[in-house]
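Next come the chains, spelled out residue by residue.
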Amino acid sequence: MIHKFEKCVCAEGIIFILEKKLKIRARFLTKEYDMMKTKSDMLKTLLPFGNTNIEKFWALKGVSFDVYEGDSVGIVGLNGGGKSTLLNIVSQIIPPTSGELEVNGQTNIISVGAGLNYSLTGRENIIMKCEMLGMSDAEINAKMDDIINFAGDQVIQKIDQPVKTYSSGMKSRLGFSVLVHQDPDILIIDEALSVGDAPFFEKGVARMKQFKAEGKTIMFVSHSIAQVEELCDKVIWIDHGRVVMEGDTSEVLPKFDEFQKTYNKKSKAERNKITHDSGTNFTLEELREANPDEPDRYFSKRLYDKPFSWQTWTAMIFLMYVLVLTIAASIKNKSILFALIHPLAIISIRTVIIFAIVVVAMILAGKLTRRNKERHVMD
Ligand SMILES: Nc1ncnc2c1ncn2[C@@H]1O[C@H](COP(=O)(O)OP(=O)(O)OP(=O)(O)O)[C@@H](O)[C@H]1O
């Protein structure tokens, strides 16, 4: 693990050197989304060979940074800049398209409703999330009342109702409350404090400050300059998927504030054009060329993000077909060779059709699940 040494001066004027562990190391992270404009585009993304001509959108275009133990880092940027995408990648909820990420510690993401199951009640969600975070039944029971009370009166009243009946503020307060009652190493907070009321906000800020005092590592997305200023020592400013500037809060925040004011004066059409152009005009090749000294592995698409090649699809389907034939042959007491030469003597046409339907349904279900997961996370 990489370390850094920081010179610190305590209140008595004594200078000491602090050793800090590297907690998050991101190198050239990118994220490419399919732009599904029509229903036929949605269908195409489900087909093995259909999504190559769908317009792509690059939400991240090579983001690199280091976060050390005890750092409290604010992520700022205009709407659609890529902040939530970045935090979801760092939390390992969605995979990057390319680039490298190293996270040393347990990450918890707190964002509006992230990870809640809307058909379960608030109480059941608390149990589910606590279990996912490795807590025992006894620990969950011991913390249950504190978690519910922290979430506030509205949540207390509806704690045994399904979460789909909660307002977005209530969902956020519930998610926030569960996570601040854990002991994570790295806290990743995406806009969780902006939807609560004033008393909840104050409680949330106080809890964040406590985490900070305990030396936890925090990454915090917020549109509120005041919140970032209050909670963060460092700031990463992201615009259109690229890091514009990073450094001490006092250095970066005023520059971002100035930029934001100028941008807000532009017309809606001008802003939309900038977003669209900067999202589509990007290639991994161009990123590689701009960074000739960096290893090639940073600039290759990850295998799980690529659609399978047609050879892989054919091999997988053939293997499944052989498996079905083998099972049918053993039931009918025939050899596998006989089954391969005379498949229709072993299985009927109807079985072959059912097999084909099952294979296609499995492929579509797999693709739909992955896509819905990413969309749910980004909601
Ligand atoms: N699943 C998706 N499919 C297609 N495009 C997406 C998807 N998720 C996000 N995007 C696009 O990626 C870009 C970055 O989105 P992201 O939510 O990361 O931005 P953000 O900086 O968090 O925005 P905001 O400040 O408005 O919350 C946006 O243009 C968004 O429309």
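Residues numbered from 1 in each chain as written. Predicted model: local features only at pLDDT ≥ 70, side-chain atom pairs only at ≥ 80, totals over all residues.

Looking at an unreviewed UniProt entry, the chain carries the name Teichoic acid transport system ATP-binding protein, with the source organism given as Lacticaseibacillus nasuensis JCM 17158. Under the Sequence similarities (unreviewed entry) heading, UniProt states for the chain: "Belongs to the ABC transporter superfamily." (UniProt positions renumbered as here; feature names shortened; annotations may be inferred.)

Visitor: Help me out: how do you make sense of the overall build of the chain in this one?
Guide: Within the chain, the secondary structure is distributed over 15 helices and 10 strands. A buried classification covers 31% of the 379 residues belonging to the chain. Look at the contacts in the chain between residues 6 or more apart in sequence, and 68% of them connect residues 24 or more apart. (Helix = DSSP H or I, 4+ residues; strand = E, 2+ residues; numbered from the N terminus. Buried ≥ 20, exposed ≤ 12 C-beta atoms within 10 Å, placed from the backbone. Contact = placed C-beta atoms within 7 Å.)

Visitor: It is not clear to me how helix H4 (residues 137-151) should be interpreted in this structure. Could you clarify?
Guide: Because each turn of an α-helix spans 3.6 residues, side chains separated by three or four positions end up pointing in the same direction. Along its 15 residues, H4 runs 20 Å from first to last C-alpha, staying within 8% of the 21 Å computed at 1.5 Å per residue. Taking the largest bend as the criterion, H4 deviates by roughly 45°, centred on Lys 143. Considered for burial, the residues of H4 that qualify are Ile 147, Phe 150 and Ala 151. Gly 152 lies just past H4 and shows a positive phi near 100°. (Expected span 1.5 Å × (residues − 1). Bend = angle between axes of the 7 residues up to and from the residue.)

Visitor: I would appreciate a short explanation of the UniProt feature "transmembrane region" (unreviewed entry) in the chain in the present structure.
Guide: UniProt annotation of "transmembrane region" (unreviewed entry) refers to residues 310-331 and 337-365 when read in the numbering used here. Counting secondary structure, residues 310-331 comes out at 100% helix and 0% strand; the distance between its end C-alpha atoms is 32 Å. Here residues 337-365 is 90% helix and 0% strand, with 33 Å between the C-alpha atoms at its ends.

Visitor: Quick question: what am I supposed to make of the confidence of the model for the chain here?
Guide: Low pLDDT means the predicted coordinates in that region are not meant to be read closely. Summarising the model, the chain shows a mean pLDDT of 83, and 81% of its residues fall at 70 or more. We note a pTM of 0.74 for the whole complex and an ipTM of 0.97 for its interfaces. (pLDDT = per-residue confidence, 0-100.)

Visitor: Where do I start with the environment of Asn 141 in this structure?
Guide: By secondary structure assignment, the location of Asn 141 is in helix H4. Taking the number of C-beta atoms within 10 Å as the measure of exposure, Asn 141 has 12 and is therefore exposed. Linking Asn 141 and Arg 297, residues 156 residues apart in sequence, is a C-alpha distance of 46 Å.

Visitor: How should the environment of Arg 288 be read in this particular structure?
Guide: Here Arg 288 lies in helix H11 (residues 284-290). Sequence spacing of Arg 288 and Tyr 298 is 10 residues, and the spatial spacing of their C-alpha atoms is 8.2 Å.

Visitor: Just checking my understanding: could you explain the pairing of strand S10 (residues 242-248) for this structure?
Guide: When a strand is regular, its side chains alternate between the sheet's two faces. Sheet topology places strand S9 (residues 234-239) next to S10; six bridges connect them, and they run antiparallel. Bridged to Ile 236 within S10 is Glu 246. Once S9 ends, the chain turns through two residues before running back antiparallel as S10, passing His 240 with a positive phi of about 50°. (Pairing = 2+ DSSP bridges.)

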